[in-house]
Amino acid sequence: MADEPLVLGIETSCDETGVGIVRGTTLLADAVASSVDTHARFGGVVPEIASRAHLEAMVPTIERALAEAGVSARDLDGIAVTAGPGLAGALLVGVSAAKAYAYALGKPLYGVNHLASHICVDQLEHGPLPEPTMALLVSGGHSSLLLAPDITADVRPLGATIDDAAGEAFDKIARVLDLGFPGGPVIDRLAREGDPEAIAFPRGLSGARDPAYDFSFSGLKTAVARWIEAKRAAGEEVPVRDVAASFQEAVVDVLTRKAVRACRDEGVDHLMVGGGVAANSRLRALAEERCERAGIRLRVPRPKLCTDNGAMVAALGAEMVARNRPASDWELSADSSLPVTDPHVPGAHGHSHDHDHDHVHEISKENLYS
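In this text the structure is predicted, and so the values were computed from the model without any measurement. (Residues numbered from 1 in each chain as written. Predicted model: local features only at pLDDT ≥ 70, side-chain atom pairs only at ≥ 80, totals over all residues. Heavy atoms only, no water.)

**Quick word on the overall build of the protein**
- On a plain count of helices and strands, the protein comes out with 14 helices and eleven strands.
- Here the C-alpha atoms of the protein give a radius of gyration of 21 Å, agreeing with the 21 Å that 2.2 N^0.38 yields for 370 residues.
- Along the three orthogonal principal directions, the C-alpha set of the protein runs to about 75 × 45 × 35 Å.
- Contacts in the protein between residues at least 24 apart in sequence constitute 74% of all its contacts with a sequence separation of at least 6.
- Separation of charge centres in the protein, based on 34 positive and 52 negative side chains, amounts to 5 Å. (Helix = DSSP H or I, 4+ residues; strand = E, 2+ residues; numbered from the N terminus. Rg over C-alpha atoms; globule rule 2.2 N^0.38 Å. Contact = heavy atoms within 4.5 Å. Lys, Arg positive; Asp, Glu negative; His and termini not counted. Charge placed at Lys NZ, Arg CZ, Asp CG, Glu CD.)

The structure is reproduced here in structure tokens:
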């Protein structure tokens, strides 16, 4: 185990400052500082507030992770950071911090992809990923079906949301129902006491002529909002639990149906489900039910590893080191729309740097924080 790469990962794509430390596929520390309560007052994430919160939380969270792992920063074999996609300002705080630590410690720097990290985190729970891996990623910003023959170098998008992501739809319906922010956990909780068949909400893009693997939740969101408005206009009480259950069922029905279909079509006998919405209890249950029926093995990390965290970034970083992938250039920058086809950003020259101190001191300060 001692010869497996020891990597620290920094995740700041949205409102969680996550710092994880991984040795190979073993999780040593997972420290998170969340600013979600601050955003709740505004009914959604405010980018400037998120960036400021990351700035304040960064050093204490890194120190907490190192203490939890019982390692010194000098012991690290590399530092990985989410380079994108995400909120530009928030990403920039993480990238700048990772550069500063890598620079000061003379360690290689790995800018990695947020979505590929969500897939790779499952290695910490269930061991090495099968190749190829079929992944259904569902979160506040993404709903994607991805095929990953090699998580460090080859990730292929099969389908994605054409409008709202699933998590976004949960937040918006929660807002219409006056349930607060974030919407996912509270809708999940209320739905357990409701009837998922009480209201027939539409299933987006599920017709014979619709794209097989793409998702759409905008029409569903509008249908639910109109149904609630009609009830209120008629002076009737809104059956919140039934609405929550029926809405949630419409979302997870489409997600799991398309994911299982993709596995069958591609001849892949397992499915990995990740991202914040993968913490949803009904999604997990229905995915398990349908995968079992189709003879597909389901891999879902525990809920804490599904939401944004530093452990997932460290996991992908450790895999980069283990497979001798090139480190990122010091010109590494945050890319808010980094495509999932780029699991990591090797930099302009695409080759690994010799991270010795002579090299570090040659770097201009302009480049370091570009």
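Structure shown, so let's carry the discussion forward.
**Re the pattern of salt bridges**
- Throughout the structure, instances matching the rule amount to 21 salt bridges.
- The shortest N-O distance in the salt bridge between R156 and D154 comes to 2.7 Å.
- Judged by its relative accessible area of 41%, R156 is partly exposed.
- Taking the relative accessible area as the measure of exposure, D154 reaches 24% and is therefore partly exposed.
- For R323, the salt bridge identified is with E319, shortest N-O distance 2.7 Å.
- Judged by its relative accessible area of 28%, R323 falls in the partly exposed class.
- When its relative accessible area of 12% is taken as the criterion, E319 is described as buried.
- Taken together, the shared-partner salt bridges connect E131, D150, E319, R323 and R325 into one network. (Salt bridge = Lys/Arg side-chain N within 4 Å of Asp/Glu carboxyl O. Buried < 20%, exposed > 50% of the residue type's maximum accessible area, 1.4 Å probe, protein only.)

**Notes on empty space enclosed by the protein**
- Following the criterion strictly, the structure yields one cavity of 30 Å³ or more and no others.
- Within this model, the largest cavity holds a volume of roughly 30 Å³.
- In terms of residue class, the lining of the largest cavity is made up of five nonpolar, two polar and one charged. (1 Å grid on protein atoms, 1.4 Å probe; cavity = no way out; pocket = protein on both sides within 12 Å on 5 of 7 lines; lining within 4 Å. Points joined across faces, edges and corners; volume = space filled by probe spheres on them. Nonpolar A, V, L, I, M, F, W, Y, C, P; charged D, E, K, R; others polar.)

**Some details on the sheet that holds strand 7 (residues 143–150)**
- If you walk across this open sheet you meet the five strands as 8-7-6-9-10, and the pairing is mixed. This sheet does not close on itself; its edge strands, each paired only once, are strand 8 (154–160) and strand 10 (297–299). Across the sheet, the mean angle from the axis of one strand to that of its neighbour is 25 degrees, orientation sign disregarded.
- Bridging between strand 7 and strand 8 involves five bridges; their strand directions are antiparallel. (Pairing = 2+ DSSP bridges. Axes fitted to C-alpha atoms, helices over the stretch in contact; angles between N-to-C directions.)

**A short note on the nonpolar core**
- By size, the foremost hydrophobic cluster in this structure holds 48 residues, and its most contacted members are F247, L255 and L271.
- Broken down by secondary-structure element, the contributors of at least two residues to this core are strand 6 (133–138), strand 7, helix 6 (166–176), helix 7 (183–191), helix 8 (218–233), helix 9 (240–266), strand 9 (270–274) and helix 10 (281–294).
- The element contributing the most residues to this core is helix 9, with 13 residues.
- The contact partners of F247, leaving out residues within four places of it in the chain, are A169, F170, I173, I187, F201, L220 and V224.
- Ranked by size, the runner-up nonpolar core spans 31 residues in total, among them I119, V121, L305 and A318. (Core = buried A, V, L, I, M, F, W, Y, C linked by side-chain atoms within 4.5 Å.)

**Brief notes about helix 2 (residues 47–69)**
- In a regular helix each residue adds 1.5 Å, so 23 residues correspond to 33 Å; helix 2 covers 30 Å between its end C-alpha atoms and thus fits that length.
- Buried within helix 2 we find A50, S51, H54, A57, M58, T61, I62, A65, L66 and A69.
- Backbone geometry just downstream of helix 2 places G70 in the positive-phi region, at approximately 70 degrees. (Expected span 1.5 Å × (residues − 1).)

**Remarks on the packing of helix 7 against helix 9**
- At a minimum axis separation of 8 Å, helix 7 and helix 9 run at an interaxial angle of 110 degrees. Accordingly, the angle class assigned to the pair helix 7 and helix 9 is roughly perpendicular. Seen from helix 7, the contacting residues are I187, D188, L190 and A191; seen from helix 9, they are V240, R241, A244, A245, F247 and Q248.
- Grouping the amino acids of the contact of helix 7 with helix 9 by side-chain chemistry returns seven nonpolar, one polar and two charged. (Parallel < 35°, antiparallel > 145°, perpendicular 65-115°, else oblique.)

**Some remarks on the packing of aromatic side chains**
- Taken as a whole, this structure holds four aromatic pairs when the rule is applied.
- On the basis of an interplanar angle of 70 degrees and a centroid distance of 5.1 Å, the ring pair of F170 and F247 is categorised as edge-to-face. Here the residue F170 occupies a position in helix 6, and F247 occupies one in helix 9, the gap between them amounting to 77 residues.
- Note on F247: relative accessible area 0%, which makes it buried.
- Considering the side-chain rings of F201 and W227, the 6.3 Å spacing of their centres and the 85 degrees angle between planes classify their relative orientation as edge-to-face. On the criterion of sequence distance, the pair formed by F201 in the loop between helix 7 and helix 8 and W227 in helix 8 is long-range, its members being 26 residues apart.
- With relative accessibility at 26%, the residue W227 sits in the partly exposed group. (Phe/Tyr/Trp six-rings, centres within 6.5 Å; stacked < 30°, edge-to-face > 60°.)

**Let's talk about the confidence of the model for the protein**
- The pLDDT averaged across the protein works out to 92; a share of 93% of its residues lies at or above 70.
- Here residues 350–370 scores under 50 on pLDDT; set against residues more than four positions off or in separate chains, the count is 42 contacts. (pLDDT = per-residue confidence, 0-100.)

**A short note on the packing of helix 6 against helix 7**
- Remark: helix 6 packs on helix 7, axes separated minimally by 8 Å, with the N-to-C direction vectors making an angle of 70 degrees. One finds that helix 6 runs roughly perpendicular with respect to helix 7. Residue-level contacts link F170, D171, I173 and A174 of helix 6 to G183, G184 and I187 of helix 7.
- Partitioning the contact of helix 6 with helix 7 into residue classes produces four nonpolar, two polar and one charged.

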